[in-house]
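Tertiary structure, described
What follows is each chain in one-letter form.
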Amino acid sequence: MSTSFYNRYWKDKTTYLDDFSLKWPKLARYIPREKNITILDFGCGNGFILKEIHVLNPSARLLGIDTSETAIAQARSVLPEAEFSLEEAGKIPLADESIDFLVCSEVVEHIYETETAFEEIARVLKKGGEILLTTPHHGLIKNILLAIFAFDRHFDPVGP
């Protein structure tokens, strides 16, 4: 999807997304607590996941990247201690092997150039670095029910 779509999407998203309270308890246990590591939120949106990571590991260097200028502006106000950048032309504006831990939550399913994205992730991740990547999964039965009864509502591109 285009940058203009995501700028419109993030315009009114000035707090936690609707599904955050369901997602975060499951993700939080995987966030590293080691001191002085670098953590990148790939597709950081408005910065609220990084804000919670900061609570768990205040000594970490926190970085966020997104395609939306609107989201990056919000993220900077939510967590001024972190560094935020715009992704441009599929490139992550970071040095090779500069990241210890990468979070990518509910983002990869929106990426058209997945091969480029994963090449970039591999490039910036340090040897032995870790990735926490999540995507929506509903299972066969739920997908069938969604397709029959709630396709338009569930797969609304501006929904959570």
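Structure: above.
First things first, this report covers the structure right here in the doc. Values in this document were obtained by computation on a predicted structure and should not be read as measured data. (Residues numbered from 1 in each chain as written. Predicted model: local features only at pLDDT ≥ 70, side-chain atom pairs only at ≥ 80, totals over all residues. Heavy atoms only, no water.)

Running from amino to carboxyl end, helix 1 (residues 3–11) crosses helix 4 (residues 69–78) at an angle of 40°, the nearest separation of the two axes being 7 Å. Taken together, helix 1 and helix 4 sit at an angle that is classed as oblique. Residues Asn7, Trp10 and Lys11 of helix 1 form the contact with helix 4, whose participating residues are Glu69, Thr70, Ala71 and Gln74. When the residues that make up the contact of helix 1 with helix 4 are grouped by side-chain class, the tally is two nonpolar, three polar and two charged. (Axes fitted to C-alpha atoms, helices over the stretch in contact; angles between N-to-C directions. Helix = DSSP H or I, 4+ residues; strand = E, 2+ residues; numbered from the N terminus. Parallel < 35°, antiparallel > 145°, perpendicular 65-115°, else oblique. Contact = heavy atoms within 4.5 Å. Nonpolar A, V, L, I, M, F, W, Y, C, P; charged D, E, K, R; others polar.)

The next thing to look at is unusual backbone geometry. Of note in this structure, Glu97 is not a glycine but carries a positive phi near 50°. Structurally, Glu97 is set in the loop between strand 3 (83–86) and strand 4 (99–105). Although it is not a glycine, Glu106 sits at a positive phi angle of roughly 60°. With respect to the secondary-structure elements, Glu106 resides in the loop between strand 4 and helix 5 (114–124). The class for Glu106 is partly exposed, based on a relative accessible area of 22%. (Buried < 20%, exposed > 50% of the residue type's maximum accessible area, 1.4 Å probe, protein only.)

This part covers the packing of aromatic side chains. Counted according to the given criterion, the structure contains five aromatic pairs. Each ring, one from Tyr16 and one from Phe48, has its centre 4.5 Å from the other, and the planes form 55°; the classification is tilted. Placement of Tyr16 in the loop between helix 1 and helix 2 (20–28) and of Phe48 in helix 3 (residues 48–56) is noted, with a sequence separation of 32 residues between them. Using a relative accessible area of 9% as the deciding quantity, one classes Phe48 as buried. Summarising the aromatic geometry, the rings of Phe20 and Trp24 are spaced 5.7 Å apart at their centres and angled 10° between planes, so their arrangement reads as stacked. A residue pair is termed a helical-turn pair when its members lie 3 or 4 positions apart in one helix, as Phe20 and Trp24 do in helix 2 at four residues. Pairwise contacts between aromatic rings join Tyr16, Phe20, Trp24 and Phe48 into one cluster. The ring of Tyr9 carries Lys13 above its face, with NZ or CZ at 4.4 Å from the centroid. (Phe/Tyr/Trp six-rings, centres within 6.5 Å; stacked < 30°, edge-to-face > 60°. Lys NZ or Arg CZ within 6 Å of the ring centre and 35° of its normal.)

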